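Listed here are the chains, written in short residue letters.
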Amino acid sequence: MSTVGNSTNIFWHECPVGKVDRQKLLNQQGCVVWITGLSGSGKSTLACSLGRTLHSRGKLSYVLDGDNLRHGLNKNLGFSPEDRTENIRRVGEVAKLFADAGLICIASLISPYCKDRDACRALLPENFFEARLCYVFLNMPLELCEERDPKGLYKLARAGKIKGFTGIDDPYEPPSNCEIEITQKDGICPTPNEMAGQVVSYLEDKGYLEAQ
């Protein structure tokens, strides 16, 4: 019996089918690939490309897209610092469940604050190889993201019609401990397939694409 948050007198119930059993069934190891970066950096594009690549290899994954989640799970949250923190906390908890189920969970969110990303890492065991949390930092310059502006949000933010927009009047804190950093090379962005290939190579090298 324990107390967690505002819940009291609760019990953790173990089931006979565990994580290792599920991983053997899927022939892969559950993990979280968390893609972070500015709006317009290519997070959703990479997430979808990565999901497609894994699917073609017979690996089960699921994409948690920041905008999509705000249509349901997080529809009651805005973009204040407090709401951003709760947004990331909820997604972190869901991603943890997906990984425990044996899936390769691909989370695609701006997730601008270091403390929130660190909190997600802390949700999982301290040992990284048990935690299976891989941060992918799409380190694209603001100028490029603003030039792309696929949703027209930078234009609105520059016009003062959106307040607290990351990169304009709200900070993005670059991660210092990411597992993968993707940047331009000689001013050229890697293609979605190239980016996905880089992540898949990492997962393969770590042994996540086969059961323990």
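Residues numbered from 1 in each chain as written. Predicted model: local features only at pLDDT ≥ 70, side-chain atom pairs only at ≥ 80, totals over all residues. Heavy atoms only, no water.

Note the cut-off: UniProt positions are given in the numbering used here, feature names are shortened, and annotations may be inferred rather than shown by experiment.
As annotated in an unreviewed UniProt entry, the chain is Adenylyl-sulfate kinase from Salvia splendens. According to UniProt, the comment filed for the chain under the heading Sequence similarities (unreviewed entry) is "Belongs to the APS kinase family."

1. A word on the pairing of strand β6 (residues 133-138)
Heads up, the rule is: Burial classes: relative accessible area under 20% of the type maximum marks a residue as buried, over 50% as exposed, and values in between as partly exposed (1.4 Å probe, protein chains only). Working definition: helices are DSSP H or I runs of at least four residues, strands are E runs of at least two. Numbering for both runs from the N terminus. Two strands qualify as a pair provided DSSP detects at least 2 bridges between them.
Burial within β6 is extensive, with six of its six residues counted as buried. Where burial is concerned, the two faces of β6 agree: the one with Leu133, Tyr135 and Phe137 and the one with Cys134, Val136 and Leu138 are both buried. Relative to strand β7 (residues 180-182), β6 runs parallel, the two being bridged by three bridges. When the bridges of β7 are listed, Leu138 appears paired with Ile182.

2. A few points about the sheet that holds strand β3 (residues 31-36)
Using the following cut-off: To obtain each axis, a line is fitted to C-alpha atoms, and for helices this fit is confined to the stretch in contact; angles are then taken between N-to-C directions over 0 to 180 degrees. The contact definition used throughout considers only heavy atoms, calling two residues in contact when any of these lie within 4.5 Å.
What the five strands build is an open sheet, ordered β4-β5-β3-β6-β7; its pairing is parallel. Looking at which strands have only one partner, the edges of the open sheet turn out to be β4 (61-65) and β7. Between one strand and the next, the sheet's axes are offset by a mean angle of 20°, whatever the strand orientation. Where β4 lies against strand β5 (residues 104-108), five bridges are found, and the strand directions are parallel. Bridge pairing in β5 links Val63 to Ile106. Packing against the sheet, helix α2 (residues 43-56) makes contact with β3, β4, β5, β6 and β7, and its axis sits at approximately 165° to β5. Seen against the sheet, helix α9 (residues 192-205) touches β3, β5, β6 and β7 and runs at an angle of roughly 170° to β7.

3. Looking at the packing of α2 against α9
To be explicit about the condition: Under this scheme an angle from 65 to 115 degrees is roughly perpendicular, one under 35 degrees roughly parallel, and one over 145 degrees roughly antiparallel; angles in between are oblique. Crossing handedness: left-handed means the near helix sits turned counterclockwise from the far one by under a right angle, and right-handed means the same turn made clockwise. All amino acids are sorted into three groups, where Ala, Val, Leu, Ile, Met, Phe, Trp, Tyr, Cys and Pro are nonpolar, Asp, Glu, Lys and Arg are charged, and the leftover types, Gly among them, are polar.
Running from N to C, α2 and α9 cross one another at 60°; their axes reach a closest spacing of 8 Å. In terms of their interaxial angle, α2 and α9 are classed as oblique. The crossing of α2 and α9 is right-handed. Where α2 approaches α9, its residues Thr45, Leu46, Ser49, Leu50, Arg52, Thr53 and Leu54 are matched on the opposing element by Pro192, Asn193, Met195, Ala196, Val199, Val200 and Leu203. Looking at the contact of α2 with α9, its residues break down into nine nonpolar, four polar and one charged.

4. A few points about the side chain of Arg70
Going by this rule: In this count, Lys and Arg are taken as positive residues and Asp and Glu as negative ones, while His and the chain termini are left out. By definition, a salt bridge exists where a carboxyl oxygen of Asp or Glu is found within 4 Å of a side-chain nitrogen of Lys or Arg. The definition of a polar contact used here is a pair of N or O atoms within 3.5 Å, where within protein one atom must be able to donate a hydrogen and the other to accept one, and adjacent residues in sequence count solely through side-chain atom pairs.
Along the chain, Arg70 falls in the loop between α3 (66-69) and α4 (81-100). Buried within the structure, Arg70 lacks any salt-bridge partner; its nearest side chain of opposite charge belongs to Asp67, at an N-O separation of 5.6 Å. Here the side chain of Arg70 touches Leu77 through a polar contact of 3.0 Å, landing on its backbone oxygen. Sequence-distant contacts of Arg70, defined by excluding residues within four places in its chain, comprise Lys75, Leu77, Gly78, Phe79 and Asn87.

5. Notes on unusual backbone geometry
In the Ramachandran plot, Ser111 falls in the positive-phi region, its phi being about 40° despite a non-glycine side chain. Along the chain, the position of Ser111 falls in the loop between β5 and α5 (114-122). The buried category is assigned to Ser111, whose relative accessible area is 2%.

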